[in-house]
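Structural characterization, general
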Amino acid sequence: MVIDFKVRLGETVFLKTDDEQLPRIVTQISILGGSMSDYIITYELSQGQESSEHYSSEILTSKDINLKLGI
């Protein structure tokens, strides 16, 4: 089985919900689920000393300038 991750460990990413578009580093990738065909991937993102878990649908690989501008 091959799993395609949206981002890699150590990569700098941004959150769709972050108005400030602060950079975060991917520090952990977790595969959760009951079987190999039914699973969820979560990413731990760190910014400074804070970290949080997110789904791939919440992550951007580049800044969304519109969010930063409040558009």
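Residues numbered from 1 in each chain as written. Predicted model: local features only at pLDDT ≥ 70, side-chain atom pairs only at ≥ 80, totals over all residues. Heavy atoms only, no water.

**Observations concerning the pairing of strand E1 (residues 12-15)**
Taken residue by residue, a regular strand's side chains alternate between the two faces of the sheet. When E1 meets strand E2 (residues 24-35), the two strands line up antiparallel, connected through 2 bridges. In the strand pairing of E2, Thr-12 is matched with Ile-25. As paired elements, E1 and strand E5 (residues 59-60) share 2 bridges and run antiparallel to each other. By the bridge assignment for E5, Leu-15 is matched with Ile-59. (Pairing = 2+ DSSP bridges. Helix = DSSP H or I, 4+ residues; strand = E, 2+ residues; numbered from the N terminus.)

**Quick notes on the pattern of salt bridges**
Applying the stated rule across the entire model yields 1 salt bridge. Residues Asp-18 and Arg-24 are paired through a salt bridge, measuring 3.0 Å at the closest nitrogen-oxygen approach. Per residue, the accessibility class of Asp-18 equals that of Arg-24, and both read buried. (Salt bridge = Lys/Arg side-chain N within 4 Å of Asp/Glu carboxyl O. Buried < 20%, exposed > 50% of the residue type's maximum accessible area, 1.4 Å probe, protein only.)

**So, the sheet that holds E1**
With respect to topology, 5 strands assemble into an open sheet ordered E4-E3-E2-E1-E5, the strand pairing being antiparallel. Strands with a single pairing partner mark the edges of an open sheet, and in this sheet they are strand E4 (50-55) and E5.

**A short note on a nonpolar patch on the surface**
Side chains of Met-1, Phe-5, Ile-31 and Tyr-39 sit close together on the surface and give an oily, nonpolar patch of about 380 Å² of accessible area. Tracing the sequence through the fold places Met-1 in the segment before E1. For Met-1, a relative accessible area of 59% gives the class exposed. (Patch = residues over 30% accessible without salt bridge, like charges linked within 9 Å, V, L, I, M, F, W, Y side chains within 5 Å. Areas by Shrake-Rupley, 256 points an atom, 1.4 Å probe, with all protein chains shown as cover.)

**So, the nonpolar core**
The biggest cluster of nonpolar side chains holds 8 residues, and these are Val-7, Val-13, Leu-15, Val-26, Ile-41, Tyr-43, Leu-45 and Ile-59. The set of elements that each furnish at least two residues to this core consists of E1 and strand E3 (38-47). Looking at this core, the element that brings in the most residues is E3, giving 3 residues. With residues near it in sequence (within four places) discarded, Val-7 still touches Val-13, Val-26, Ile-29, Tyr-43, Ile-59 and Thr-61. (Core = buried A, V, L, I, M, F, W, Y, C linked by side-chain atoms within 4.5 Å. Contact = heavy atoms within 4.5 Å.)

**A closer look at the side chain of Arg-24**
Along the chain, Arg-24 falls in strand E2. Within polar-contact distance, the side chain of Arg-24 engages the side chain of Asp-18 at 3.0 Å. In this structure the side chain of Arg-24 is engaged in a polar contact, spanning 3.2 Å, whose partner is the backbone oxygen of Leu-22. Residues contacting Arg-24, with those up to four places away along its chain left out, are Glu-11, Thr-12, Val-13, Leu-15, Asp-18, Leu-45, Ser-46 and Gln-47. (Polar contact = N/O pair within 3.5 Å; in protein donor to acceptor, adjacent residues only side chain to side chain.)

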